Amino acid sequence: MSSDLLHLHVYAQHSNHQESFIVGNKEALLELRNLIDKALMQGTAASGKFFSSDNEGYEVYVGMVNDEDVFNSLEMPYTEQFGDKNDHSMFLNLKNDPNAPYDVVTIFENTKREEE
């Protein structure tokens, strides 16, 4: 698989205790590693543009969170949600509740997108 495009698929967990996968070509995995290194060095977040196998582009954000309370307040990463109340298994976007699970994009609000 050789391409000029950074081909990367990120498969989230369906539910707790299930596996997740990151699959890509060498160039994409190296760029993902660079984004991780950048987030670690800057202590915040980094972003980059990747492509799925249908050549549709999308942004990947890599963030570092040092505050355990902030990390614990984020929504669960599962693609399947359970229940009808705010129990950290389901995201209800209760912004007026300081203990609500918040959308992960909140930690990337000040991330500048990389120039193409």
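Cut-offs applied
Residues numbered from 1 in each chain as written. Predicted model: local features only at pLDDT ≥ 70, side-chain atom pairs only at ≥ 80, totals over all residues. Heavy atoms only, no water. Pairing = 2+ DSSP bridges. Helix = DSSP H or I, 4+ residues; strand = E, 2+ residues; numbered from the N terminus. Buried < 20%, exposed > 50% of the residue type's maximum accessible area, 1.4 Å probe, protein only. Patch = residues over 30% accessible without salt bridge, like charges linked within 9 Å, V, L, I, M, F, W, Y side chains within 5 Å. Areas by Shrake-Rupley, 256 points an atom, 1.4 Å probe, with all protein chains shown as cover. Salt bridge = Lys/Arg side-chain N within 4 Å of Asp/Glu carboxyl O. Expected span 1.5 Å × (residues − 1). Arc of directions from axis to C-beta. Contact = heavy atoms within 4.5 Å. Core = buried A, V, L, I, M, F, W, Y, C linked by side-chain atoms within 4.5 Å.

Chemist: Describe in detail the pairing of strand E4 (residues 57-63), supporting the description with residues and values.
Modeler: Judged from the seven bridges that link them, strand E3 (residues 45-51) and E4 form a sheet pairing that is antiparallel. Among the inter-strand pairings, Ala 45 is bridged to a residue of E4, identified as Gly 63. Here E3 folds back onto E4 in antiparallel fashion, the turn holding five residues, of which Asn 55 has a positive phi close to 65°.

Chemist: Can you tell me about the environment of Gln 18, naming the residues and giving the values?
Modeler: On the secondary structure map, Gln 18 appears in the loop between strand E1 (8-11) and strand E2 (21-24). Judged by relative accessible area, Gln 18 falls into the partly exposed class, the value being 34%. Sequence-wise, Gln 18 and Tyr 78 are 60 residues apart; in three dimensions their C-alpha atoms are separated by 9.1 Å.

Chemist: Quick one: what's the story with unusual backbone geometry, residue by residue and with numbers?
Modeler: We note that Asn 55 has phi near 65°; this positive angle belongs to a residue other than glycine. Structurally, Asn 55 is set in the loop between E3 and E4.

Chemist: Give me a nonpolar patch on the surface: which residues, what numbers.
Modeler: Together, Val 10, Ile 22 and Leu 29 make up an exposed nonpolar region whose accessible area comes to about 270 Å². Tracing the sequence through the fold places Ile 22 in strand E2.

Chemist: Explain helix H1 (residues 26-42) residue by residue, including any values.
Modeler: Each α-helix turn comprises 3.6 residues. Residues three or four places apart therefore point the same way. Taking 1.5 Å per residue, 17 residues should reach 24 Å; H1 reaches 24 Å between its end C-alpha atoms and fits that length. Among all positions of H1, only Ala 28, Leu 32, Leu 35 and Ala 39 are buried. End-on view of H1: buried residues confined to an arc of 55°, all on one side of the axis. In H1, the exposed residues that point more than 90 degrees away from the buried face are Lys 26, Leu 40 and Met 41. Of the surrounding elements, those touching the buried residues of H1 are E1, E2, E3 and E4. Positive phi appears at Gly 43, one or two residues downstream of H1, with a value of about 75°.

Chemist: Tell me about the nonpolar core, and name the residues and values.
Modeler: Counting nine residues, the largest nonpolar core consists of Leu 8, Ala 28, Leu 32, Leu 35, Ala 39, Ala 46, Phe 50, Val 60 and Val 62. Residue assignment for this core shows that the elements contributing at least two residues are H1, E3 and E4. Counting residues per element, this core draws most heavily on H1, at four residues. In this structure, Val 60 is in contact with Leu 8, Leu 32, Leu 35, Ala 46, Ser 47, Gly 48 and Phe 50, ignoring residues within four places of it in sequence.

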